[in-house]
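Okay, here's what each chain looks like letter by letter:
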Amino acid sequence: MNDLLPIILAIVAVIIVVGGLIPVFLKRRKSTSTYAGPRDANDPADAAPAGGTIVEDAPGTATPAPGTVVEPSDAVLPEIDVPDDAAGLEVVPVETPAPVEGRLNRLRARLVKSNNILGKGLLALLSSDKIDENVWDEVEETLLLADLGTEPTTQLVDSLRDRVKVLGTRDPEHVKALLRDELVKLVDPDMDRSLNVDRKGGHPAIMIVVGVNGVGKTTTVGKLARVLVAEDKDVILGAADTFRAAASHQLATWGQRVGVPTVMSDIDGADPASVAYEAVKAGIEQEVDVVMIDTAGRLQNKVGLMDELGKVKRVVEKLAEVDEVLLVLDATTGQNGLNQAKVFAEVVNITGIVLTKLDGTAKGGIVVAIQKALGVPVKLVGLGEGPDDLAPFEAEAFVDALLN
Ligand SMILES: Nc1nc2c(ncn2[C@@H]2O[C@H](COP(=O)(O)OP(=O)(O)OP(=O)(O)O)[C@@H](O)[C@H]2O)c(=O)[nH]1
């Protein structure tokens, strides 16, 4: 028996060490071997140092207990390859995402369907035989009902009223052109809506996606991964929505469908900052173009939200600058969405808005109200539940869809 004791102790020690490695899964698309130079046409020529970067597994240390506040620098979690089924994921075939060019136009029918009350209503009013005070009141009401906001509504009505008066026009096509012009001005075609998704300074672009629960964050990260893959970017996802394991699996499945790996923890309530850190670390080591981090939105109060998001950002910034913080808002929630936006803007520096579920509301005016309230552009819009129903926002195409 005494002879067996060292063997049993050795087996127990191995089980403990291996057990400690399981919680963070890095589901890899490509090998972690050396990249000797630029891999894509879109990689900068000096992206990889001569000889490349050798990616080694970090030394395994104990995994932070669920809910503990451990800065990832003291809790480096290892990268390990695990088969999809071992991570509890169904093995799904890899798809080719739809091209991004002209997507808003392709999804335009959805926008027209949900918002044509706005466009058609305005045009009907403005083409009436006599445009008197009552008509202007109704125009104002229609715009307010579409969630355009009080100030932009007054601005539009005043400006349109002046122009219609000066030109004395009743011609529907002419009135439509004036209305289009005023709406485009409000939506502001000059805002920079490009996404920061290029590697810089030898690091991937780092993107954090925030928003309250149910607005479509995870879905958006998944759809956006497809957009980036369609644009030939290498992407890693970080499932920092650790509130429930299902959210991480949902994200990993989105990634799998386009061959994008996901860094995740299988522990409910694991430290989100730790997962975010690991995702960025993996992104740097694997020299990807973009690391996208999904966060939780279920915090009960503003202080909790500030603490968690602040920590995720702070911890990630130990490794690389955060290039893009996208706030996801559900267009159907109207004023409520605006209030959420203001709370998030106090916590993190938002660089862009993703407006989801625009296919399910006649309140397209919220685009203007939100941009005005935050001074931040709407960069993407969600127009359905399908995997490619996310489109880069374009001011003119959006207004045209409202008016046609
Ligand atoms: N119609 C429509 N539905 C959408 C759109 N975007 C997301 N959804 C749906 O909204 C629901 C919630 O999406 P999730 O991505 O799980 O939302 P979340 O913000 O990550 O939620 P939590 O994980 O609970 O924090 C899902 O049923 C999505 O299919 C959209 O643009 N249009």
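Residues numbered from 1 in each chain as written. Predicted model: local features only at pLDDT ≥ 70, side-chain atom pairs only at ≥ 80, totals over all residues. Heavy atoms only, no water.

1. What to know about the overall build of the chain
The following threshold applies: Think of it this way: any DSSP run of H or I at least four residues long counts as a helix, any run of E at least two long counts as a strand, and we number them from the N terminus. The cut-offs for exposure are 20% and 50% of the maximum accessible area for each residue type, with area from a 1.4 Å probe on protein chains only; residues under the lower value are buried, those over the upper are exposed, and the others partly exposed. The contact criterion used is simple: two residues touch if any of their non-hydrogen atoms lie within 4.5 Å. Areas reported as accessible are Shrake-Rupley estimates using a 1.4 Å probe. Residue values count occlusion only from the protein chains shown.
If you tally the helices and strands in the chain, you get 13 helices and 9 strands. Burial analysis of the chain (404 residues in total) assigns 51% to the buried set. In the chain, 78% of the contacts between residues at least 6 apart in sequence involve partners at least 24 apart. Surface summary for the chain: the accessible area is close to 17,400 Å², and the carbon and sulfur share equals 56%.

2. Quick notes on the pairing of strand E7 (residues 352-356)
Operational definition: Two strands pair if DSSP finds at least two bridges between them. Looking down the strands as they point away from the viewer, one classifies a crossover as right-handed if the path from the first strand across the helix to the second runs clockwise.
In terms of burial, E7 is a largely internal element, 5 of the 5 residues being buried. Side-chain alternation along E7 places Gly352, Val354 and Thr356 on one buried face and Ile353 and Leu355 on a second face that is also buried. Of the strand pairs in this sheet, strand E6 (residues 324-330) and E7 are connected by 5 bridges, and their pairing is parallel. Bridge pairing links aspartate 330 to threonine 356 in E7. For the segment spanning E6, helix H11 (residues 335-347) and E7, crossover handedness is right-handed. Note that E7 and strand E8 (residues 378-382) share 3 bridges and pair parallel. When the sheet's bridge partners are listed, leucine 355 is paired in E8 with valine 381.

3. Examining the pattern of salt bridges
Put simply, the rule is: For salt bridges, the criterion is a side-chain nitrogen of Lys or Arg within 4 Å of an Asp or Glu carboxyl oxygen.
Under the definition given, this model contains 20 salt bridges. Its salt-bridge partner being arginine 180, residue glutamate 396 comes within 3.2 Å of it at the nearest N-O pair. Linking glutamate 396 in helix H13 (residues 395-403) with arginine 180 in helix H6 (residues 172-187), this pair joins segments that are 216 residues apart in sequence. When its relative accessible area of 39% is taken as the criterion, glutamate 396 is described as partly exposed. With a closest N to O distance of 2.8 Å, lysine 379 and glutamate 324 form a salt bridge. Of this pair, lysine 379 sits in strand E8 while glutamate 324 sits in strand E6, and the two are 55 residues apart along the sequence.

4. Examining the packing of aromatic side chains
Which entries qualify depends on this criterion: Classification of ring pairs uses Phe, Tyr and Trp, with its six-membered ring standing for Trp, and accepts pairs whose centres are within 6.5 Å; under 30 degrees between planes counts as stacked, over 60 as edge-to-face, and the remaining range as tilted. Comment: the charge-over-ring label is applied if NZ (Lys) or CZ (Arg) is within 6 Å of the ring centre and within 35 degrees of the ring normal.
Going through the model one piece at a time under the given rule, you end up with 1 aromatic pair. Arranged with centres 5.0 Å apart and planes meeting at 55°, the rings of phenylalanine 393 and phenylalanine 398 form a pair that is tilted. Relative accessible area serves as the criterion here: at 1%, phenylalanine 398 is assigned to the buried category. The side chain of arginine 257 reaches across the aromatic face of tryptophan 254, ending 5.4 Å from its centre.

5. Things to note about the nonpolar core
For clarity, the threshold we go by: In this description, a nonpolar core means a group of buried Ala, Val, Leu, Ile, Met, Phe, Trp, Tyr and Cys residues linked to one another through side-chain atoms lying within 4.5 Å. What fixes the domain bounds is an automatic or database domain assignment.
Counting residues in each nonpolar core, the largest one holds 80 residues, and the members touching the most others are Val139, Leu179, Ile293, Leu355, Val381 and Phe398. Counting residues domain by domain, this core receives three or more from each of domain 1 (102-187) and domain 2 (205-394). Among residues more than four places away in sequence, those in contact with leucine 355 are Leu329, Ala331, Ile366, Val367, Ile370, Val378, Leu380, Val381 and Gly382. The next biggest cluster of nonpolar side chains, apart from the first, holds 27 residues, and it includes Ala225, Val290, Val328 and Leu390.

6. Concerning the confidence of the model for the chain
Note the threshold: Predictor confidence is given residue by residue as pLDDT, running from a minimum of 0 to a maximum of 100.
Summing up the model confidence of the chain, the mean pLDDT is 79 and the portion of residues at 70 or higher is 76%. At the level of individual helices and strands, the chain shows its lowest average pLDDT in strand E1 (residues 24-26), which scores 46, and its highest in strand E2 (residues 205-210), which scores 97.

7. Side note on the packing of helix H10 (residues 302-316) against H11
Definition in use: Convention adopted: a line fitted to C-alpha atoms gives each axis, helices being fitted over their contacting stretch, and angles between N-to-C directions are expressed from 0 to 180 degrees. To sort the angles, those under 35 degrees are grouped as roughly parallel, those over 145 as roughly antiparallel, those from 65 to 115 as roughly perpendicular, and the leftovers as oblique. Each helix crossing is assigned a hand: it is left-handed if the near helix lies turned anticlockwise from the far helix by less than a right angle, otherwise right-handed if that turn is clockwise.
For the pair H10 and H11, the least separation of the axes is 9 Å and the interaxial angle reads 45°. As the angle between them shows, H10 and H11 are arranged oblique. When you trace H10 past H11, the crossing you get is right-handed. Every residue of H11 that contacts H10 at Lys302, Leu305, Met306 and Leu309 is listed here: Val343, Phe344, Glu346 and Val347.

8. As for the pairing of E6
The element E6 is largely enclosed, with a buried count of 7 among its 7 residues. Going residue by residue along E6, you find Glu324, Leu326, Val328 and Asp330 tucked away on one face and Val325, Leu327 and Leu329 tucked away on the opposite face as well.

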